[in-house]
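Read off the chains here:
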Amino acid sequence: MGINVHLTVIFKEEAPIEKRGKFIASLRKDDWGRLPETENCWKAIFKTGVTDGAAMNVAKHDLDRASKKADILDYKALIKLDDGPQITLNPFYSDKHLSARANRK
């Protein structure tokens, strides 16, 4: 049996519907399924033989790609592999970068 990965994204900035749509489309393209009756929770199942580390790396990569495609760079993500502990991820970008970006808009 493969590894079940649950991903919850908490957007820290107000994201317009079109940006959220791009974010969701990117995750769907990467085979993430949105959990029913939730707005920001997704699940992916990795094949048997995939290590926890590899599944975590793919999840981080998919999340990073979705955030960049949607231009939603300020978020917090919670990732849980099977029955393991929930891990909190912050965006790749620093607070300093996000502040400078906000000032340019």
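Residue positions are given per chain, counting from 1 as you read along its sequence in written order. This being a predicted model, a pLDDT of at least 70 is required before a residue's local features are given, and a value of 80 or more before pairs of side-chain atoms are given or counted; all residues contribute to the totals for chains, interfaces and linings. To obtain the side-chain values, all non-hydrogen atoms of the structure were included, while hydrogens and water were left out.

1. Here we look at unusual backbone geometry
Here's step 1: Within the chain, E37 stands out as a residue other than glycine whose phi angle is a positive 60°.
Here's step 2: Every helix listed is a DSSP run of H or I at least four residues long, and every strand listed is a run of E at least two residues long, numbered separately from the N terminus. Mapped onto the elements, E37 comes out in the loop between β2 (33–34) and β3 (41–46).
Here's step 3: You will see that D71, though not glycine, has its phi angle at about 60°, which is positive.
Here's step 4: Counting through the fold element by element, D71 comes out in the loop between α2 (52–70) and β4 (75–81).
Here's step 5: Only protein chains enter the calculation, and the probe is 1.4 Å; a residue is then buried if its accessible area is under 20% of its type maximum, exposed if over 50%, and partly exposed in between. Given a relative accessible area of 29%, D71 falls into the partly exposed group.

2. Details of the packing of aromatic side chains
Any two aromatic rings considered together are summarised by their centre-to-centre distance and by the angle between their planes.
Here's step 1: Between 30 and 60 degrees the pair is tilted, below 30 it is stacked and above 60 it is edge-to-face, where a pair is any two Phe, Tyr or Trp rings, Trp via its six-membered ring, whose centres lie within 6.5 Å. Overall, the coordinates contain 2 aromatic pairs when judged by the stated rule.
Here's step 2: Here F23 and W42 contribute two aromatic rings whose centre-to-centre distance is 5.8 Å and whose plane-to-plane angle is 50°, an arrangement assigned as tilted. Here F23 is found in helix α1 (residues 17–29), whereas its partner W42 is found in strand β3, with 19 residues between them in sequence.
Here's step 3: The exposure class assigned to F23 is buried, which follows from its relative accessible area of 0%.
Here's step 4: An aromatic cluster is defined as three or more aromatic residues linked by ring pairs; in this entry it consists of F11, F23 and W42.

3. Focus on the side chain of S67
Here's step 1: Inspection of the secondary structure assignment puts S67 in helix α2.
Here's step 2: Judged by its relative accessible area of 1%, S67 is buried.
Here's step 3: Should any heavy atoms of two residues lie within 4.5 Å, those residues are considered in contact. Each residue touching S67, except ones within four places of it in the same chain, is listed here: F23, I72, L73 and Y75.

4. Regarding the confidence of the model for the protein chain
Low-pLDDT portions of the prediction should not be read for the details of their coordinates.
Here's step 1: Scored by pLDDT, the protein chain comes out at a mean of 85, with 85% of its residues at no less than 70.
Here's step 2: For every residue, the predictor assigns a confidence score, pLDDT, that lies between 0 and 100. Confidence, expressed as mean pLDDT per element, reaches its minimum in the protein chain at helix α3 (residues 95–104) with 58 and its maximum at β3 with 95.

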